[in-house]
Structure formats: C-alpha cells, structure tokens
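Residue-level structure breakdown
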Amino acid sequence: MSIFKKTNVKIFAKPTQKVTPDTSYWRQLGAPVLLKEFGPIDYIDFSPIEPHCFAVSSSAKVQIYNPVTKLVHKTLSKFVQNAYGGSFRSDGNLLCAGSEDSNVKLFDVNSKSLLRVFKGHKSGVHRCYFTSDNRGIASFSDDKTVKLWDIASESETIEFSSHEDYVRAGAISPVSPTIVLSGSYDRKVRLFDSRTNAEAVFTLDHGHPVESVLFLPSGGIFISAGGTEIRVWDALAGGRLLARVSQHHKTITCLGLASSGSRLVSGSLDRHVKIYDVSTYKAVYNLDYPNAILSLGVSPDDETVAVGTVDGIVSVKRRDIEKNNNQKVKPKKKTKGSYRYFSDRFTPTDVVVKQENKQLQSKYDNCLRKFQYSKSLDSVLVPYVTNKSPHVTVSLLQELIRRKGLENALVSREDKSIAVLIRFLLRNIGDYRFSATLIDVANILLDVYDKRLDSASIEVLELLKKLAKRIKEEEELTLELASLGGAIRMILAASTVSEKPEKCSLPPLTPSNSAQKNIVVNVS
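Within each chain, residue numbers correspond to sequence positions counted from 1 in written order. Reporting in this predicted model follows two pLDDT cut-offs: at least 70 for local features of residues, and 80 or more for side-chain atom pairs to be given and counted; totals over whole chains, interfaces and linings ignore these cut-offs and use all residues. The side-chain values count all of the structure's non-hydrogen atoms but skip hydrogen atoms and water molecules.

On to the sheet that holds strand E13 (residues 155-160), then. The four strands lie next to each other as E10-E11-E12-E13, forming an open sheet whose pairing is antiparallel. The sheet is open, and its two edges are formed by strand E10 (125-130) and E13, each paired on a single side. Looking at each pair of strands side by side, their axes are set apart by 20 degrees on average, direction ignored. DSSP-based pairing: two strands are paired if at least 2 bridges between them are found. The numbering of helices and of strands both runs from the N terminus, where a helix is a DSSP run of H or I of at least 4 residues and a strand a run of E of at least 2. Summarising the sheet, E10 and strand E11 (residues 136-141) pair through five bridges and their orientation is antiparallel. To define axes, lines are fitted to C-alpha atoms, for helices over the stretch in contact only, and angles between the resulting N-to-C directions are given on a 0 to 180 degree scale.

Before going further, it helps to examine the packing of helix H6 (residues 390-402) against helix H9 (residues 435-449). Here H6 crosses H9 at 55 degrees, and the two axes come no closer than 10 Å. It follows that H6 is oblique to H9 by the angle criterion. H6 and H9 meet at a crossing whose hand is left-handed. On the side of H6, the interface is formed by Val394, Leu397, Gln398 and Ile401, while H9 contributes Thr437, Leu438, Asp440, Val441 and Ile444. When residues are grouped by polarity, Ala, Val, Leu, Ile, Met, Phe, Trp, Tyr, Cys and Pro land in nonpolar, Asp, Glu, Lys and Arg in charged, and all others, Gly among them, in polar. A class-by-class count of the residues in the contact of H6 with H9 yields six nonpolar, two polar and one charged. In what follows, roughly perpendicular refers to angles from 65 to 115 degrees, roughly parallel to angles under 35, roughly antiparallel to angles over 145, and oblique to any angle outside these ranges. A clockwise turn of the near helix away from the far one marks a right-handed crossing, whereas an anticlockwise turn of less than a right angle marks a left-handed crossing. By definition in these notes, contact holds between two residues if any of their heavy atoms fall within 4.5 Å.

To qualify as a nonpolar core, a set must consist of buried Ala, Val, Leu, Ile, Met, Phe, Trp, Tyr and Cys residues joined through side-chain atoms within 4.5 Å. Here the term buried applies to any residue with accessible area under 20% of the maximum for its type, exposed to any over 50%, and partly exposed to those in between, with areas from a 1.4 Å probe on protein chains only. If you look at the biggest cluster of nonpolar residues, it comprises 41 residues, and the most contacted ones within it are Leu377, Leu406, Leu410, Ile422, Leu438 and Leu467. Listing elements by their share of this core, those giving two or more residues are helix H3 (363-369), helix H4 (373-380), H6, helix H7 (406-411), helix H8 (415-428), H9 and helix H10 (458-499). Broken down by element, the residue count for this core peaks at eight residues, all from H9. Apart from the residues lying within four places of it in its own chain, the contact partners of Ile422 are Leu445, Val460, Leu463, Leu464 and Leu467.

Summarising the element assignment, Val284 is placed in strand E25 (residues 282-288). Other than its neighbours up to four places away in sequence, Val284 contacts Asp22, Thr23, Arg263, Ile275, Tyr276 and Asp277.

Here the focus is the pattern of salt bridges. We define a salt bridge as a contact between a side-chain nitrogen of Lys or Arg and a carboxyl oxygen of Asp or Glu at a distance within 4 Å. Applying the stated criterion across every chain, the model contains 18 salt bridges. The salt bridge involving Asp142 is made with Arg168; its shortest N-O contact spans 2.6 Å. Pair noted here: Asp142 is in the loop between E11 and strand E12 (146-150) and Arg168 is in strand E14 (residues 167-172), with a separation of 26 residues, a long-range link. Taking relative accessible area as the criterion, Asp142 reaches 8% and is therefore assigned buried. For Asp431, the salt bridge goes to Arg433, with nearest N and O atoms at 3.1 Å. What emerges from the salt-bridge pattern is a single network uniting Asp22, Arg263 and Asp277.

Structurally, the position occupied by Ser102 is in the loop between strand E7 (94-99) and strand E8 (104-108). Every residue in contact with Ser102, bar those within four places of it in the chain, is listed here: Phe118, His121, Lys122, Ser123, Gly124 and Val125.

Moving on: the pairing of strand E17 (residues 202-205). Residues Phe202 and Leu204 line the buried face of E17, whereas the alternating positions Thr203 and Asp205 sit on a face that is not buried. Pairing geometry for strand E16 (residues 188-193) and E17, over four bridges, is antiparallel. In the strand pairing of E17, Lys188 is matched with Asp205.

Below, the discussion takes up H4. Of the residues making up H4, those classed as buried are Tyr373, Ser376, Leu377, Ser379 and Val380. Here the buried residues of H4 occupy an arc of 155 degrees about the axis, which is enough to place them on one side. This arc is taken over the directions from the axis of the helix to the C-beta atoms.

Here, expected helix span is obtained from the residue count minus one, scaled by 1.5 Å. Between the first and last C-alpha of H9 there are 21 Å, a value that for 15 residues agrees with the 21 Å anticipated at 1.5 Å per step. Restricting attention to buried positions, one finds in H9 the residues Ser435, Thr437, Leu438, Ile439, Val441, Ala442, Ile444, Leu445, Val448 and Tyr449.

Now for the packing of aromatic side chains. Stacked, tilted and edge-to-face are the three classes applied to pairs of Phe, Tyr and Trp rings, where Trp contributes its six-membered ring and a pair requires centres within 6.5 Å; stacked means planes under 30 degrees apart, edge-to-face means over 60, and tilted covers the rest. The full count for this structure, using the stated rule, is 13 aromatic pairs. On the numbers, 5.2 Å between centres and 85 degrees between planes, the contact of Tyr25 with Trp26 is edge-to-face. Taking the centre distance of 5.6 Å and the plane angle of 45 degrees together, the rings of Phe118 and Trp149 count as tilted. Taken together, the residues Phe118 in strand E9 (residues 114-118) and Trp149 in strand E12 connect sequence positions 31 residues apart. The rings of Tyr43, Tyr129 and Phe140 are connected pair by pair, giving a single aromatic cluster. Its guanidinium or amino end placed over the ring of Tyr289, Lys317 lies 5.2 Å from that ring's centre, counting from NZ or CZ. To sit over a ring, a charge needs its Lys NZ or Arg CZ within 6 Å of the ring centre and within 35 degrees of the ring normal.

The following block contains the structure:
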C-alpha cells in the first residue's frame, strides 16, 4: 500500500533565529506588565540595593515601584511642573530629580521628605546624577549649562557653559567625582574636569543631537547616542573613536547597562530595545514594544527590565525566578489502574507493545489525497490561514502547480473566490520567499481567466489592475537593486585593483529570478 506524502510547508518557513546563550538568557523574561502614567515616561532608574525598586519620572511626580508586586511603593510629588531624570544614589537612600521649573530637588527615599532644593539654572533640568563620592550632584539643563552642586552646603560648586544648545544628556565618571560628561543638541559631547577649569577637557562631534551618554564601569570608555547611531569613545586616548553602531532606524533615545556592564542596552523611537555585547558591540538580542520608547532601565541583577513609552506606559518584564533548582517537584499521584500505576510494575521479561502514533493529516492534504484540488485550495484561502500562515497557502499552490492541477482548481471559480486569491497575491508577492511561486500562480490565473474578463465583476478588474501595478513596481525595484549591486561590485573591484592588481576580478551581474519573470496585464 502506497503511503501518501504530505505537502511540504517547511520550504517557505522563515529562517529560525540561531539560539545563543544571550538568546536563552533574555528569553527567560516573562510576559510584560503594563503600568499607566499620566504623561510620557521621561526617565527610569533602578535602586542599587535590593529589592531594586525603580523610579519612574513622569508628569509632575516621581513614583517608585516595587518590581515584584508592580505596585507604587513611594510617590515623590513636591513638583510644581514636570519632573525629569529621577535617579538614586549608590546607597539607595537618596534620590535627586530635575524639573521644568529649573530646580534640582533632593529627596529622602524612606521618608519621602524634600531635603534640598538647588536653585541656579535658568531653564528646565532634564538630567541630574550623584557624583561617585556621593557628596555632590551634577545637573544638565536647557539653559546650555552643566552645574556641580555640593549637597552639604546646598551651593553651586562650578558651572560649565561651553554648549550652544540644550543639554539633555549627561553622565558622571564611576572612578572620579570630578569628571563630568555631557551631551547636547548642538551635536557635541564634552568632557569636563572640575579640578582644572570651566573649559572642556575635549569636545567631540557626534554628528547628531545627543540624546544619551554613559560611562562603562571602567571609566575609560564612554558611549554617546543620537540620531540612529551609537558611538564608542576612548576617554584615556583623548576621545578617540573606537566604534560606530547603527542598529536602529529611528532616533535612539536612551542607553543603559546590563549584566554588570558587559551588555549595552539601547531604546529607540522605532519601538525596539537592542542588547549588545560590549566586547564586540554586536547586537545579541532584540525586544519589541508597541510604541516609541523614551526611557529604559535594567535592574542590577538583570531580573527586571522596565521600558517607558511616549504614551505613558511602563512595560515591566521580570525573569521567572519561581522555577529555581531548589524547588522540589511533588511527584504525581498514581491512580490505581492507570498506565503510570502499571508502568512501574513491568519486569525485564515483559514485552511492551508500543502504540504507533497516528499522524493526523490536514484538511488540504485529505483533499489532495482524493484529488479534490478546488476544495484543497479553498481550505488554505480562509483568512485564518492566509493571515497567520501564508507559507502554508504558498506551499499548497506550489504543490498544485507541480501536479498540474491549479488550472482545474481555478477554472470554475466565482468572482468572489478569485478576488480572495488576487488579494493574497497582492499582499505576499513582494515577499522574497514567495515571489517566484506567486508569479507562476499569477500567470496561470491570467491564462485561465483571460476568456472571462468581459464578464468579470468590477471588483476583480480593479484588483487585476492593482496586481499589474504591484508587479511593475516590484520589477522596477529589482532592476534598481541589480544596478546598485553592479555599482557596488565596481567599487569593490576598483579597491581591489588599487591594492592587488593581479587578483582583480569582476563577477558577472545577473538579474534576480523575480526580474526574469514579467507579467503584462491589459485590462480594459
């Protein structure tokens, strides 16, 4: 008895992502819990002490959340206008925050009391941080200045005024309380040292308005982010550029560190959070979110990742820690007379007859087995399959072409059913996985439907015109890409000639498969 061969749907499946240690590690983050605030989430900072609560600066308050319960633990609301950049001190007892009213405020986290108000800026303060010795605060303001404050005397220590536009990014060296790094909308990154003078030690051009800067734990390397690019600089070498990373396609708004400083995290308006390996600056994992990202934070133990978006939502993902190795799994109770009850009573002399698992066939395979080509095509043109698993529909269409049964499946169809197939072609013919097969399907459809164009409905005629326009656009795009590929090959060949003339070779330019197949649809 011959065995029916099931339709192979794997040939069009998307390539699976390579599983790496980073992929396995970050996939352990659980489902997100969404927390609603009353305005865009300006800044998120985690406390360095357990249980690593995180402060969310939004609207006219800073709220401190418990990462386990996801509930508000403390609320700091001594703000007249918007609060910005609330960050913890290294001991977790104090928190400083800037505000739209140009003041920097210092709070006691435990009692929620306002301890200090530092006045001196002339415009809003978007970022402020404690110095590494915990005795001072650095503030970065829209009045184009950077100030250092002494906490004990509540007075200004020094002012840096080299920038020419808003200063929205800043960082403190983890190894020296006198070194301050600032990033501005004038596209410059400046390093200041309060021990020398008010002038910058050096100035670097990032090339785009700078949204975020940070130091690596060693203090010798710092990173700036602005536009769609991240740049890595060597502070000890006078600001030498070490690397340029461009993984986002919209403005990068925030940076962070994870895994004890061995991983860099970036968030962008393109709704993605990228995680990079600091040793190579290559992206090792990606997190997707439903809206543009303004801020992010990762707890020191990597257990919690909090991301703030422009619509006032804080998405909190926490690692599933309840499944630990120390937890004992209770053995399942064996019901008398069950398979588990008797399986433990087998002896080595017993012969166990294994039951063969019957492979269930899909509906379209059952129809193919009966040579019902029209019904098999109907079963894969339902919205659930075409929207969720288009590769299944394409696989069946390819199988029908191989069997030379697609013409029979199309010949007696009504206009409504034909319209469903044309819409599927419009939606998926540009996918590189499906293009070759769907072009063949479109050709067969036109051959079968050519004699019926006079009696076709207006809907089908309009869809055929759209299909012709779409294929023309794909053809032009393919030719442009082929021309671009040829230009790139010529440039590479020219560079090869200048370096090693004897090994110069220009590979032949061949158009892609999709460019070799053209469809002309004439619909009156």
